[in-house]
Amino acid sequence: GQSLEQPSEVTAVEGAIVQINCTYQTSGFYGLSWYQQHDGGAPTFLSYNALDGLEETGRFSSFLSRSDSYGYLLLQELQMKDSASYFCAVRVAYSGAGSYQLTFGKGTKLSVIP
Amino acid sequence: GAVVSQHPSRVICKSGTSVKIECRSLDFQATTMFWYRQFPKKSLMLMATSNEGSKATYEQGVEKDKFLINHASLTLSTLTVTSAHPEDSSFYICSATPGQRSYEQYFGPGTRLTVT
């Protein structure tokens, strides 16, 4: 099976930088994804890392170390609208038809304060 | 970007009745669709994975006779909650991928089911 650990809550000040860590244990690992979910809404894709290193997309960056089974999401220049839950998810092979599945962590609730 | 719709967005039903939830990929063909369940302030729990034209694969602990999944076409998957009970009340979310090797899942807006 798979297991993921991430902090349950993080609070940060508007304009600051925050890092959300994720550690995982899984077999058949293909990559680590990050999703954002506002209250009552659907998850939206933020980033995906299949290889070690840092991926940057605007204010958001994501990092992966496969040897350490560890990754993080970095949010810069925090805005109030970034207040949401952030989920890391491991992408693993699914036996049916060569597809892949996502297993989600429990989510980190980020609160951005003025 | 790819858009996935769900219908209905909210449904209230009486205990013992069945409810069907539709998930559609609007601008792409979804080889694979996923159904998740999410409790308040909790993570998304994968219920089942379905590929068009074949039977769904259910996760351990999910009753396939209670949660019927039909992936009839490359743009439509349905989840039917049969003989619903109050403990089935939850937020049900579908997602879809445009290809077998796609790493991104596109999520629908979710369906809030309340069983009274």
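None of these values were measured; they are calculated from a predicted model.

**Regarding unusual backbone geometry**
And step 1. For the peptide bond that leads from B:H7 to B:P8, omega is 0°, which places it in the cis range.
And step 2. Residue position: B:P8 is located in the loop between β1 (4-7) and β2 (10-13).
And step 3. The phi angle at A:E77 is positive, at roughly 45°, despite the residue not being glycine.
And step 4. With respect to the helices, strands and loops of the structure, A:E77 is situated in the loop between β8 (70-75) and β9 (84-93).

**Re the state of the cysteines**
Residues and elements named next belong to chain B.
And step 1. Throughout the structure, instances matching the rule amount to two disulfides over all chains.
And step 2. Each disulfide pairs two cysteine sulfurs, and for C23 the partner residue is C94, the sulfurs being separated by 2.0 Å. Across the S-S bond linking C23 and C94, the dihedral sits near 80°, which makes this disulfide right-handed. Separated by 71 residues along the polypeptide, C23 in strand β3 (residues 19-25) and C94 in strand β9 (residues 90-97) bring together distant segments of the chain.
And step 3. Summary of cysteine pairing: C13 is not part of a disulfide, and the nearest cysteine sulfur, belonging to C94, is at 18 Å.
And step 4. Classification of C13 as buried rests on a relative accessible area of 8%.

**Points about the pattern of salt bridges**
Residue and element names in this part refer to chain A.
And step 1. According to the stated counting rule, one finds four salt bridges over all chains in the structure shown.
And step 2. One salt bridge in this structure joins D39 and K109, with 3.9 Å as the shortest N-O distance. You can see D39 sitting in the loop between β4 (29-37) and β5 (44-49) and its partner K109 sitting in strand β11 (residues 108-113), a full 70 residues away along the chain.
And step 3. A relative accessible area of 66% means that D39 is categorised as exposed.
And step 4. The partner of R59 in a salt bridge is D82, and the shortest N-O contact between them spans 2.8 Å. Separated by 23 residues along the polypeptide, R59 in the loop between β6 (53-57) and β7 (60-65) and D82 in the loop between β8 and β9 bring together distant segments of the chain.
And step 5. The exposure class assigned to D82 is buried, which follows from its relative accessible area of 2%.

**Brief notes about the confidence of the model for chain A**
And step 1. Per-residue confidence for chain A gives a mean pLDDT of 92; residues scoring 70 or more make up 95%.
And step 2. Highest mean pLDDT in chain A belongs to β8(A) (98); lowest belongs to strand β10 (residues 100-104) of chain A (85).

**Points about the sheet that holds strand β8 (residues 76-81) of chain B**
Residues and elements named next belong to chain B.
And step 1. The strand order across the open sheet built from four strands is β1-β3-β8-β7, with neighbouring strands paired in antiparallel fashion. Edge positions in the open sheet fall to β1 and β7 (67-73), since each of these has one partner strand only. Taking the axes of each pair of neighbouring strands and ignoring which way they run, one obtains an average angle of 15° across the sheet.
And step 2. Note that β3 and β8 share six bridges and pair antiparallel.

Parameters at a glance
Residues numbered from 1 in each chain as written. Chains lettered and ligands numbered in written order. Predicted model: local features only at pLDDT ≥ 70, side-chain atom pairs only at ≥ 80, totals over all residues. Heavy atoms only, no water. Helix = DSSP H or I, 4+ residues; strand = E, 2+ residues; numbered from the N terminus. Disulfide = S-S within 2.5 Å. Buried < 20%, exposed > 50% of the residue type's maximum accessible area, 1.4 Å probe, protein only. Salt bridge = Lys/Arg side-chain N within 4 Å of Asp/Glu carboxyl O. pLDDT = per-residue confidence, 0-100. Pairing = 2+ DSSP bridges. Axes fitted to C-alpha atoms, helices over the stretch in contact; angles between N-to-C directions.

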